[in-house]
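# Commentary on secondary and tertiary structure
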There are 2 protein chains.
Amino acid sequence: MNSHIEPVELQKAYRLINHGPTVLVSARHGGIDNVMAAAWCCGLDFAPPKLTVVLDKTAQTRELVEKSGSFVIQVPTVAQLQLTHEVGTRSRFTEPDKLVNAGVELFNIEGHDLPFVAGCSAWLACRLMVEPGNQEKYDLFIGEVVGAWADTRVFNNGHWNFEEADPAWRSLHYIAGGHFYAIGDALSADEGSKS
Amino acid sequence: MNSHIEPVELQKAYRLINHGPTVLVSARHGGIDNVMAAAWCCGLDFAPPKLTVVLDKTAQTRELVEKSGSFVIQVPTVAQLQLTHEVGTRSRFTEPDKLVNAGVELFNIEGHDLPFVAGCSAWLACRLMVEPGNQEKYDLFIGEVVGAWADTRVFNNGHWNFEEADPAWRSLHYIAGGHFYAIGDALSADEGSKS
């Protein structure tokens, strides 16, 4: 774990994904680690923090989530554009060396038996809230966030700092066909305008 | 409806929200129209296209969705920053003139008895897929997209064109406390790099 990674208080964990980034989903079971990309991950509640993520039945990571009951949602960066696209299009079912081939490096965080992807800007360790109906019918998985961390070079003191960090730290927002957008400029609404 | 608004084929409708923008949710029932902002809206399926949106029990728009069984998800722009923040913080329960006060102008699309918010970049008309468990336990609503439209000045021929459109057309991505980010630069992964 690099020295810039610090815990994020759980009540502010939703901020790590509130802007709708494409995420990486990782899980571990039976000695197997896997990582996939997911554009469909979303906040669900503030306290305790919960999120949703859509995991297709063809994804091996989904099996690991179902069997282990836990997973990590992490926020990849512009520097990880190619890695993100490759873990989103390769499958470990047909390519056992997927993670090596995609350039994924994993690290551990004490107290969590989960694979964390190095180089991301934020990580949310989640406990699966088992909802068989949603999982079967909609491929929809709900997680309670039980731990959160961020790299302080881009998220510090409860706030993203994309505007001052190196642009390589910006989050990725997938559209289709290998095309993404990076997050852009900061904007603030006028809080005092209510009549 | 302004002359720049064109239908989007349903199989590409997911692209309108795939980059995780904060959206406006609107609904109509019993002569009442309302609009709220939601940061937690997400793709769920491609064909037929489905999406999820989290609607808090305190929101009047939620009542209109439950009673009418339909709603619109629309993608607001940087030009609508203040409008978006205001419909997200004011409540029509306590402020019957909320929409007027927030500067919301509604328009109609033939064949859909729904209130569409003018000035947005994209609109998805949704039929509520009633799931009482999700709605009560998680405030989670699932919609099937039954119609989609976009303003061709920023989404054309199935693709967002934020990079060439006026920056005022960029989507909004909410964090907290009135702070948003606009969507930023386009990036493309190398599709030919698989070994």
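Residues numbered from 1 in each chain as written. Chains lettered and ligands numbered in written order. Predicted model: local features only at pLDDT ≥ 70, side-chain atom pairs only at ≥ 80, totals over all residues. Heavy atoms only, no water.

Now for the UniProt feature "domain: Flavin reductase like" (unreviewed entry) in chain A. As annotated by UniProt and renumbered to match this structure, "domain: Flavin reductase like" (unreviewed entry) occupies residues 15-157 of chain A. Across residues 15-157 of chain A one finds 20% helix and 45% strand; the C-alpha atoms that close the span lie 11 Å apart. (UniProt positions renumbered as here; feature names shortened; annotations may be inferred. Helix = DSSP H or I, 4+ residues; strand = E, 2+ residues; numbered from the N terminus.)

So, about the relation of the copies chain B and chain A. Each copy of the sequence occupies a distinct position, and chain B is placed on chain A by a rotation of 180° and an axial shift of 0.0 Å, giving an RMSD of 0.0 Å. Here the transformation between the copies is reduced to the relation of a two-fold axis. Residue by residue, 100% of the interface of chain B is reproduced at the interface of chain A, so both copies engage with the same surface. (Least-squares fit on C-alpha atoms with pLDDT ≥ 70 in both. Contact = heavy atoms within 4.5 Å.)

For helix H1 (residues 60-68) of chain B, the set of buried residues is Gln60(B), Thr61(B), Arg62(B), Leu64(B) and Val65(B). Buried residues belonging to H1(B) abut strand E2 (23-29), strand E3 (32-38), strand E6 (70-75), strand E9 (122-129), helix H4 (132-138) and strand E10 (140-151) of chain B. (Buried < 20%, exposed > 50% of the residue type's maximum accessible area, 1.4 Å probe, protein only.)

Residues and elements named next belong to chain A. Position of Thr 77 among the secondary structure elements: in the loop between strand E6 (70-75) and helix H2 (81-89). At 3.4 Å, the side chain of Thr 77 forms a polar contact with the backbone oxygen of Ala 168. Aside from chain neighbours lying at most four places away, what touches Thr 77 is Gly 119, Cys 120, Ser 121, Ala 168, Trp 169, Arg 170 and Leu 172. (Polar contact = N/O pair within 3.5 Å; in protein donor to acceptor, adjacent residues only side chain to side chain.)

This part takes up helix H2 (residues 81-89) of chain B. For an α-helix, 3.6 residues make a turn, and residues three or four places apart therefore share a direction. Those residues of H2(B) not exposed but buried are Leu81(B), Leu83(B), Thr84(B), His85(B), Glu86(B) and Val87(B). Of the surrounding secondary structure, the elements contacted by the buried residues of H2(B) are strand E14 (179-188) of chain A together with E2, E3, helix H3 (98-102), strand E13 (172-176) and strand E14 (179-188) of chain B.

Bringing the pairing of E14(B) into the picture now. One face of the sheet, then the other: side chains in a regular strand alternate in exactly this way. Where E14(A) lies against E14(B), 7 bridges are found, and the strand directions are antiparallel. Along E14(B), the bridge assignment pairs Tyr181(A) with Ala186(B). Pairing of E13(B) with E14(B), which is carried by 4 bridges, proceeds in the antiparallel orientation. Directly across from Ala176(B), in E14(B), lies its bridge partner His179(B). (Pairing = 2+ DSSP bridges.)

On to a negative patch on the surface, then. Among the surface-exposed residues, Glu163(A), Glu164(A), Asp185(A), Glu163(B), Glu164(B) and Asp185(B) lie close enough to one another that they form a single negatively charged patch. Mapped onto the secondary structure, Asp185(A) falls in strand E14. You can call Asp185(A) exposed: its relative accessible area is 54%. (Patch = residues over 30% accessible without salt bridge, like charges linked within 9 Å, V, L, I, M, F, W, Y side chains within 5 Å. Areas by Shrake-Rupley, 256 points an atom, 1.4 Å probe, with all protein chains shown as cover. Salt bridge = Lys/Arg side-chain N within 4 Å of Asp/Glu carboxyl O. Lys, Arg positive; Asp, Glu negative; His and termini not counted. Charge placed at Lys NZ, Arg CZ, Asp CG, Glu CD.)

With that settled, the discussion passes to the packing of aromatic side chains. What characterises a pair of aromatic rings is the spacing of the ring centres plus the angle enclosed by the ring planes. Inspection of every chain in the model, using the stated rule, returns 18 aromatic pairs over all chains. Between the aromatic rings of Tyr181(A) and Phe162(B), the centroid separation amounts to 5.2 Å while the plane-to-plane angle is 80°, which identifies the pairing as edge-to-face. Remark: Phe162(B) occurs in the loop between strand E12 (159-160) and E13 and Tyr181(A) occurs in strand E14; the pair is interchain, linking two chains. Taken as a pair, Tyr181(A) and Phe162(B) share a single burial class, namely buried. Ring plane angle 80° and centroid distance 5.1 Å describe the contact between Phe155(B) and Trp160(B), whose orientation is recorded as edge-to-face. (Phe/Tyr/Trp six-rings, centres within 6.5 Å; stacked < 30°, edge-to-face > 60°.)

Residue and element names in this part refer to chain B. Relative to the helices and strands, Thr 52 is located in strand E5 (residues 49-54). Residue classification places Thr 52 among the buried positions, given a relative accessible area of 3%. Beyond its immediate sequence surroundings of up to four residues, Thr 52 is in contact with Trp 40, Cys 41, Cys 42, Leu 44, Leu 140, Phe 141 and Ile 142.

So, about the state of the cysteines. One pass over the structure, following the stated rule, counts 0 disulfides over all chains. Cysteine Cys126(A) is unpaired, with the sulfur of Cys41(A) as its nearest cysteine sulfur at 7.5 Å. Exposure remark for Cys126(A): the relative accessible area of 1% places this residue in the buried category. Among the cysteines around Cys41(B), which has no disulfide bond, Cys42(A) carries the closest sulfur, lying 7.0 Å off. (Disulfide = S-S within 2.5 Å.)

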